[in-house]
Amino acid sequence: MTETPAPVDLPTRSRLVHDALRASGIAGDIVVLPDAAATAALAAAALGVEVGAIANSLVFWSDGEPLLVMTSGAHRVDTAALAERLGRTKITRATPEQVRDATGQAIGGVAPTGHPAPLTTIVDEDLARYAEIWAAGGTPHTVFPLTYDELVRLTGGTVAKVD
């Protein structure tokens, strides 16, 4: 199978995400939105889907390392409960600098892939309710579709309850 090169009009960060998707056998194309969709509600409105079908990429800091939590846009992460479930001492929101260092991407556009190095990832079990989910494509203007199983495989994530 020949890998399709990333469209040249995609932002650099989104081209990295495209390449990572293709390397993982995921065929969904990155869509460039006319307006930034830096929140799940904005992304859902732009795509005409339920907010719960948006896979938010939230970066936290835990036990000295970044932790990526892929959560349904309909949920808020309960960091205390999640830390207890994972056997971690504490989970706190990463700073914008920590997010950029860990992912190479800016808050509001963090993709589940295309990072400088793999991240420990938790995938919200509630995302399994949706036949198709949408995730950020490396910038606040880019998104792509995939299935829940593809998201778990792509991230190597651990499935857990996050709220």
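Okay, so let's go over this structure.

Conventions adopted
Residues numbered from 1 in each chain as written. Predicted model: local features only at pLDDT ≥ 70, side-chain atom pairs only at ≥ 80, totals over all residues. Heavy atoms only, no water. Salt bridge = Lys/Arg side-chain N within 4 Å of Asp/Glu carboxyl O. 1 Å grid on protein atoms, 1.4 Å probe; cavity = no way out; pocket = protein on both sides within 12 Å on 5 of 7 lines; lining within 4 Å. Points joined across faces, edges and corners; volume = space filled by probe spheres on them. Helix = DSSP H or I, 4+ residues; strand = E, 2+ residues; numbered from the N terminus. Nonpolar A, V, L, I, M, F, W, Y, C, P; charged D, E, K, R; others polar. Contact = heavy atoms within 4.5 Å. Buried < 20%, exposed > 50% of the residue type's maximum accessible area, 1.4 Å probe, protein only. Core = buried A, V, L, I, M, F, W, Y, C linked by side-chain atoms within 4.5 Å. Pairing = 2+ DSSP bridges.

Regarding the pattern of salt bridges
Tallied over the entire structure, the rule returns four salt bridges. Here R129 ties to D126 by a salt bridge, and the two come within 3.5 Å at their closest N and O atoms.

Details of the layout of surface pockets
Taken as a whole, the largest pocket spans an internal volume of roughly 350 Å³. In terms of lining, the largest pocket is formed by 26 residues, of which the most central are A38, N56, S57, L58 and G108. For the lining of the largest pocket, the elements supplying multiple residues, two or more each, are α2 (40-47), β2 (54-62), β6 (133-136) and β7 (142-146). The element that contributes the greatest number of residues to the lining of the largest pocket is β2, accounting for six residues. Computed from the structure, the second largest pocket encloses a volume of approximately 170 Å³. As for the second largest pocket, its lining consists of N56, L58, F60, G73, H75, R76, V77 and R93. Per-class residue counts for the lining of the second largest pocket are three nonpolar, three polar and two charged.

Looking at the environment of T4
The residue T4 is located in the segment before α1 (12-23) in this model. Along the sequence, T4 and A27 sit 23 residues apart, while their C-alpha atoms lie 9.5 Å from each other. If we ignore the near neighbours within four places in the chain, the residues touching T4 are H18 and R22.

Points about helix α5 (residues 148-155)
The buried count for α5 comes to six of eight residues, which makes it a mostly enclosed element. Positioned one or two residues after α5, G156 has a phi angle of 65°, which is positive.

A look at the environment of V162
Examined against the element boundaries, V162 turns out to sit in the segment after β8 (158-160). A relative accessible area of 0% means that V162 is categorised as buried. Sequence spacing of V162 and P66 is 96 residues, and the spatial spacing of their C-alpha atoms is 16 Å.

Let's talk about the side chain of T121
Summarising the element assignment, T121 is placed in strand β5 (residues 120-124). A relative accessible area of 4% means that T121 is categorised as buried. The residues contacting T121, other than those within four sequence positions of it, are L68, M70, T155, G157 and T158.

Some thoughts on unusual backbone geometry
With a phi angle near 50°, D63 is a residue other than glycine that sits in the positive phi range. Structurally, D63 can be placed in the loop between β2 and β3 (65-72).

A look at the nonpolar core
Ranked by internal contacts, the top residues of the largest apolar core, which has 28 residues, are L146 and L151. Per-element tally for this core: the top contributor is α5, with four residues. Ignoring any residue separated from it by four or fewer positions in sequence, one finds L146 in contact with I26, E132, I133, A135, L151 and L154. Listed in part, the eleven residues of the second largest apolar core include L58, V69, V77 and I91.

A few points about the pairing of β2
Across the nine residues that make up β2, a large majority, seven, are buried. Bridge analysis of β2 against β6 gives two bridges, and the strand direction is parallel. Counterpart to I54 in the pairing with β6 is W134. Of the strand pairs in this sheet, β2 and β3 are connected by eight bridges, and their pairing is antiparallel. Residue pairing across strands places W61 opposite P66, the latter belonging to β3. From the end of β2 to the start of β3, which pair antiparallel, there are two residues, and D63 there has a positive phi angle of about 50°. Where β2 meets strand β4 (residues 91-93), three bridges bridge the pair, whose relative direction is antiparallel. What sits directly across from W61, in β4, is T92.

Any link to function would need more than the numbers given here.
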